[in-house]
Amino acid sequence: MNEPKLITLKTTKLKFADMGYIRHDGSAVEVELFAAGVAIEKITIDGDVCVSAVCMDEGKFVKEYLSPDYPRDTMRQVLLGKDIFEGLGKEEMCDGRLFQFIRNDEMDIMYRRSKREIYFKDRLNNLIIKLEDLNESNATE
């Protein structure tokens, strides 16, 4: 799968908003980020997570880049548009959109998925991950 997206990443260590590609094969995920049409960053998740050619355990990445209170597969699941936190707080709308609301002392997450967009926001940890479809065939759905 090779999908062009408008990608927004706002974490303590990653700040990006431009075009990119999400590629996935099974549970392996690769995010390629572009600025002004030039590839500037690649993030791969396949057992380990590699960012800027520095690799670390997926759990360590999530702790350092997102939150120490998140499950180790959180970034992978968001990029793939799958349930996070084992489906905790999941609600399905009649139009097919999926929401997860997870609130406690460590996080305030709103995670929304539809055919054209994935949106993850944690208000307490100041995180945003947003993936918007750029594929024209999906624009009319």
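A quick note: this is a predicted structure, and the numbers were derived from the prediction, not measured.

Calculation criteria
- Residues numbered from 1 in each chain as written.
- Predicted model: local features only at pLDDT ≥ 70, side-chain atom pairs only at ≥ 80, totals over all residues.
- Heavy atoms only, no water.
- Helix = DSSP H or I, 4+ residues; strand = E, 2+ residues; numbered from the N terminus.
- Rg over C-alpha atoms; globule rule 2.2 N^0.38 Å.
- Contact = heavy atoms within 4.5 Å.
- Areas by Shrake-Rupley, 256 points an atom, 1.4 Å probe, with all protein chains shown as cover.
- Lys, Arg positive; Asp, Glu negative; His and termini not counted.
- Charge placed at Lys NZ, Arg CZ, Asp CG, Glu CD.
- Phe/Tyr/Trp six-rings, centres within 6.5 Å; stacked < 30°, edge-to-face > 60°.
- Buried < 20%, exposed > 50% of the residue type's maximum accessible area, 1.4 Å probe, protein only.
- Lys NZ or Arg CZ within 6 Å of the ring centre and 35° of its normal.
- Disulfide = S-S within 2.5 Å.
- Salt bridge = Lys/Arg side-chain N within 4 Å of Asp/Glu carboxyl O.

Participant: When you look at the overall build of the protein in this model, what are you seeing that I'm missing?
Facilitator: Per the secondary structure count, the protein includes three helices and 11 strands. Taken from N to C terminus, the helices and strands of the protein fall in the order β-β-β-β-β-β-α-α-β-β-β-β-β-α. Here the C-alpha atoms of the protein give a radius of gyration of 15 Å, agreeing with the 14 Å that 2.2 N^0.38 yields for 141 residues. C-alpha extents for the protein along the principal axes are approximately 40 × 40 × 25 Å. Contacts in the protein between residues at least 24 apart in sequence constitute 31% of all its contacts with a sequence separation of at least 6. Total accessible area on the protein stands at roughly 7,700 Å², and carbon and sulfur atoms take up 49% of it. Separation between the mean location of the 21 positive side-chain charges and that of the 27 negative ones in the protein comes to 3 Å.

Participant: How should I be thinking about the packing of aromatic side chains in this particular structure?
Facilitator: For any pair of aromatic rings, the description rests on two quantities: the centre-to-centre distance and the angle between the ring planes. Enumeration according to the criterion identifies six aromatic pairs in this entry. Relative to Tyr 65, the ring of Phe 61 has its centre 4.4 Å away and its plane inclined at 20°; by these criteria the two rings are stacked. Of the two residues, Phe 61 and Tyr 65 both sit in helix 1 (residues 58-66), four residues apart, roughly one turn of that helix. With respect to burial, Phe 61 and Tyr 65 carry one shared label: buried. Seen in terms of ring centroids, Tyr 70 and Phe 120 are 6.0 Å apart; in terms of plane orientation they differ by 80°. Their pairing is edge-to-face. Of this pair, Tyr 70 sits in the loop between helix 1 and helix 2 (74-80) while Phe 120 sits in strand 10 (residues 117-122), and the two are 50 residues apart along the sequence. No difference in accessibility class separates Tyr 70 from Phe 120, as the two residues are buried. Within the aromatic cluster, the residues linked to one another by ring pairs are Tyr 70, Phe 85, Tyr 111 and Phe 120. One cation-aromatic arrangement involves Lys 13 over Tyr 65; the distance from NZ or CZ to the ring centre is 5.3 Å.

Participant: Before we go on, may I ask you to explain the side chain of Gln 100 in this structure?
Facilitator: One can find Gln 100 in strand 8 (residues 98-103). By relative accessible area, which is 0% here, Gln 100 ends up buried. Not counting residues up to four positions away in its chain, the partners in contact with Gln 100 are Asp 83, Ile 84, Gly 87, Leu 88, Gly 89, Lys 90, Ile 109, Met 110, Tyr 111 and Arg 113.

Participant: Explain the side chain of Gln 77 to me, please; I cannot follow it from the model alone.
Facilitator: Inspection of the secondary structure puts Gln 77 in helix 2. Of the residues examined, Gln 77 reaches a relative accessible area of 16% and is grouped as buried. Beyond its immediate stretch of four places on either side in the chain, Gln 77 contacts Lys 82, Asp 83, Ile 84 and Tyr 111.

Participant: How should the state of the cysteines be read in this particular structure?
Facilitator: Each disulfide consists of a covalent bond between the sulfur atoms of two cysteine residues. As enumerated under the stated definition, the model contains one disulfide in all. Two residues share a disulfide in this structure: Cys 50 and Cys 55, whose sulfurs sit 1.9 Å from each other. Disulfide Cys 50-Cys 55: torsion about the S-S bond near 105°, hence right-handed.

Participant: Which parts of the structure should I look at to understand the pattern of salt bridges?
Facilitator: Once the charged atoms of two side chains with opposite charge are near each other, the side chains can pair. Here the structure, examined in full by the defined rule, presents 17 salt bridges. Note that Glu 64 and Lys 13 form a salt bridge whose closest N and O atoms lie 3.1 Å from each other. Within this pair, whereas Glu 64 is found in helix 1, its partner Lys 13 is found in the loop between strand 1 (2-10) and strand 2 (15-25), the two being separated by 51 residues in sequence. For Glu 64, a relative accessible area of 30% gives the class partly exposed. Residues Lys 130 and Glu 132 are paired through a salt bridge, measuring 3.8 Å at the closest nitrogen-oxygen approach. A residue is classified by how much of its surface remains accessible, and Lys 130, at 22% relative accessible area, is partly exposed. When salt bridges with common partners are traced through the structure, they connect Arg 23, Glu 30, Glu 32 and Lys 42 into a single cluster.

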